Amino acid sequence: MKILLDMMGGDNAPLAPLAGAAAAVKAYGVQVVGLGDEALLKKTAAEHDIPLDGIEFVNCTETIDMCDEPALAIRRKKDSTIVVGLNMLKDGGGDAFVSAGSTGALHVGTSLLVRTLAGVKRPALATVVPAKKHPYLLMDCGANVECRPEMLAAFGVMGTCYMQQVMHIESPAVALANNGAEESKGTPMLKEAHQLLKKTPGIRFTGNIEPRDVPNGDADVVVCDGFTGNVILKLSEGMAKMLLGMLKEIFLANLGGKMAYLLVKKGLGGLKKQMDADEYGGAPLLGAKQPVIKAHGSSKPKAIQNAIRQAKLCVDNDLCGKMQQALDTLEAEREKTASQSDAQ
């Protein structure tokens, strides 16, 4: 299996992508094609004793910066790591593409170059988020700021497929993020989306979920528009970081706290690992014809390694193919319902 990796994207590039790629090759037996400044990549690898077994490079002379306008950058920077990588994916030069670079450019480039599955207008950014009971999939978490009810229903189908194939949850619970659990709550769009999700085949819709219940892991898939999802995601990350920091301050405040820490050290280590987003690696752009994974901009080697692992799981389980089958079933059901309505 060949994974295409943007070696120049992210705050810690190119060191983090190089180290993460080397670890992934060793752990998962994949081949990695690194895209970037080949001379710089080889120099960085040599300076940090990073083995390049199983890694090959494709030289790219441009990168897309975070401040670049996404659509303009995709059109103009033809030799950028994102554009070259997505074109290679489309043309069969790799099985999946991973980048910690510009989210906007990756989203636009995926839509324009790799294209989307039938029935999907724009791919959705989905990320696995740590929670109390178990991690859940949040989608959309930033790609589509405004969504129609039909898009949210499709998110429920795609999210269910992802959790079944990648996270191995047989019948994931799907919930709609809203300001109340009752069907009558929310904007007109959310009310309509609620009714659509109730009738959507192939998913187990459990109704609305309030933001206060999301961190418990009460749902396996939380569906929302990209603006709401991004707020939920960033608030969750900030709260987890704040609480862990406060706990550390309490234990280090005095001798008694330090002694107490020794008694709960193992449990705190488990909690820290449970809440570590790096364990999941990145967010897939669900709805793309081929696997595209967006790693966090601040990704360190461990996160890059796990993003590559996630890409491998998507390929191994034919996630895109199975997602298309689920979307085809949804469209067939819609056509059947429309025909019955016309007949009446």
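The notes below deal with the structure included here. (Residues numbered from 1 in each chain as written. Predicted model: local features only at pLDDT ≥ 70, side-chain atom pairs only at ≥ 80, totals over all residues. Heavy atoms only, no water.)

1. What about the packing of helix 1 (residues 15–28) against helix 10 (residues 301–316)?
The axes of two packed helices give the description: the angle between them and the distance between them.
Right, so step 1: Between helix 1 and helix 10, the least distance of the axes is 7 Å, while the angle of their chain directions is 50°. The angle between the axes of helix 1 and helix 10 places the two elements in the oblique class. Note on packing geometry: the crossing formed by helix 1 with helix 10 is right-handed. Contact residues: helix 1 offers Ala 16, Pro 17, Ala 19, Gly 20, Ala 21, Ala 23, Ala 24, Ala 27 and Tyr 28, while helix 10 offers Pro 301, Ile 304, Gln 305, Asn 306, Ile 308, Arg 309 and Lys 312.
Right, so step 2: When its residues are assigned to classes, the contact of helix 1 with helix 10 shows 11 nonpolar, 3 polar and 2 charged. (Axes fitted to C-alpha atoms, helices over the stretch in contact; angles between N-to-C directions. Helix = DSSP H or I, 4+ residues; strand = E, 2+ residues; numbered from the N terminus. Parallel < 35°, antiparallel > 145°, perpendicular 65-115°, else oblique. Left-handed = near helix turned anticlockwise from the far one by under 90°. Contact = heavy atoms within 4.5 Å. Nonpolar A, V, L, I, M, F, W, Y, C, P; charged D, E, K, R; others polar.)

2. So, empty space enclosed by the protein
Right, so step 1: Using the criterion set out here, one finds 1 cavity of 30 Å³ or more in the structure.
Right, so step 2: Quantified by volume, the largest cavity comes out at close to 70 Å³.
Right, so step 3: Lining the largest cavity are 13 residues, and of these Leu 285, Leu 286, Pro 291, Leu 319 and Cys 320 sit closest to its centre.
Right, so step 4: Grouping the constituent residues of the lining of the largest cavity by class yields 11 nonpolar, 2 polar and no charged. (1 Å grid on protein atoms, 1.4 Å probe; cavity = no way out; pocket = protein on both sides within 12 Å on 5 of 7 lines; lining within 4 Å. Points joined across faces, edges and corners; volume = space filled by probe spheres on them.)

3. As for helix 5 (residues 103–114)
Right, so step 1: Along its 12 residues, helix 5 runs 15 Å from first to last C-alpha, staying within 8% of the 16 Å computed at 1.5 Å per residue.
Right, so step 2: Residues Ala 105, Leu 106, His 107, Gly 109, Thr 110, Ser 111, Leu 113 and Val 114 constitute the buried set of helix 5.
Right, so step 3: Residue Arg 115 follows helix 5 closely and has a positive phi angle near 75°. (Expected span 1.5 Å × (residues − 1). Buried < 20%, exposed > 50% of the residue type's maximum accessible area, 1.4 Å probe, protein only.)

4. Quick look at a nonpolar patch on the surface
Right, so step 1: Together, Leu 235, Met 239, Met 242, Leu 243 and Met 246 make up an exposed nonpolar region whose accessible area comes to about 470 Å².
Right, so step 2: The topology assignment puts Met 239 in helix 8 (residues 226–252).
Right, so step 3: On the basis of relative accessibility, which here comes to 38%, the residue Met 239 falls in the partly exposed class. (Patch = residues over 30% accessible without salt bridge, like charges linked within 9 Å, V, L, I, M, F, W, Y side chains within 5 Å. Areas by Shrake-Rupley, 256 points an atom, 1.4 Å probe, with all protein chains shown as cover. Salt bridge = Lys/Arg side-chain N within 4 Å of Asp/Glu carboxyl O.)

5. Remarks on the pairing of strand 5 (residues 124–129)
If a strand is regular, its side chains alternate between the two faces of the sheet.
Right, so step 1: Within strand 5, 6 of the 6 residues are buried, which leaves the element mostly enclosed by the surrounding structure.
Right, so step 2: Burial along strand 5 is two-sided: Ala 124, Ala 126 and Val 128 and Leu 125, Thr 127 and Val 129, pointing in opposite directions, are all buried.
Right, so step 3: Where strand 5 meets strand 10 (residues 282–286), 2 bridges bridge the pair, whose relative direction is antiparallel. Note on strand 10: the bridge partner recorded for Leu 125 is Leu 285.
Right, so step 4: As paired strands, strand 5 and strand 6 (residues 136–139) are joined by 4 bridges and run antiparallel to one another. (Pairing = 2+ DSSP bridges.)

6. Quick word on the nonpolar core
Right, so step 1: Core analysis: the biggest nonpolar cluster contains 58 residues, and Met 7, Val 32, Phe 155, Tyr 162, Leu 286 and Ile 308 have the highest contact counts within it.
Right, so step 2: Of all the elements, helix 6 (residues 149–165) adds the most residues to this core, at 10 residues.
Right, so step 3: Setting aside chain neighbours within four positions, we find Tyr 162 in contact with Val 128, Leu 137, Met 167, Pro 284, Leu 286, Gln 310, Cys 314, Leu 319 and Met 323. (Core = buried A, V, L, I, M, F, W, Y, C linked by side-chain atoms within 4.5 Å.)

7. Some details on the side chain of Asp 68
Right, so step 1: Residue position: Asp 68 is located in the loop between strand 3 (55–59) and helix 3 (70–76).
Right, so step 2: A polar side-chain atom of Asp 68 sits 2.9 Å from the main-chain amide nitrogen of Asp 65.
Right, so step 3: Within the structure, Asp 68 has its side chain in polar contact with the side chain of Lys 77 (distance 2.8 Å).
Right, so step 4: Look past the residues within four positions of Asp 68 in its chain and what remains in contact with it is Thr 63, Ala 73 and Lys 77. (Polar contact = N/O pair within 3.5 Å; in protein donor to acceptor, adjacent residues only side chain to side chain.)

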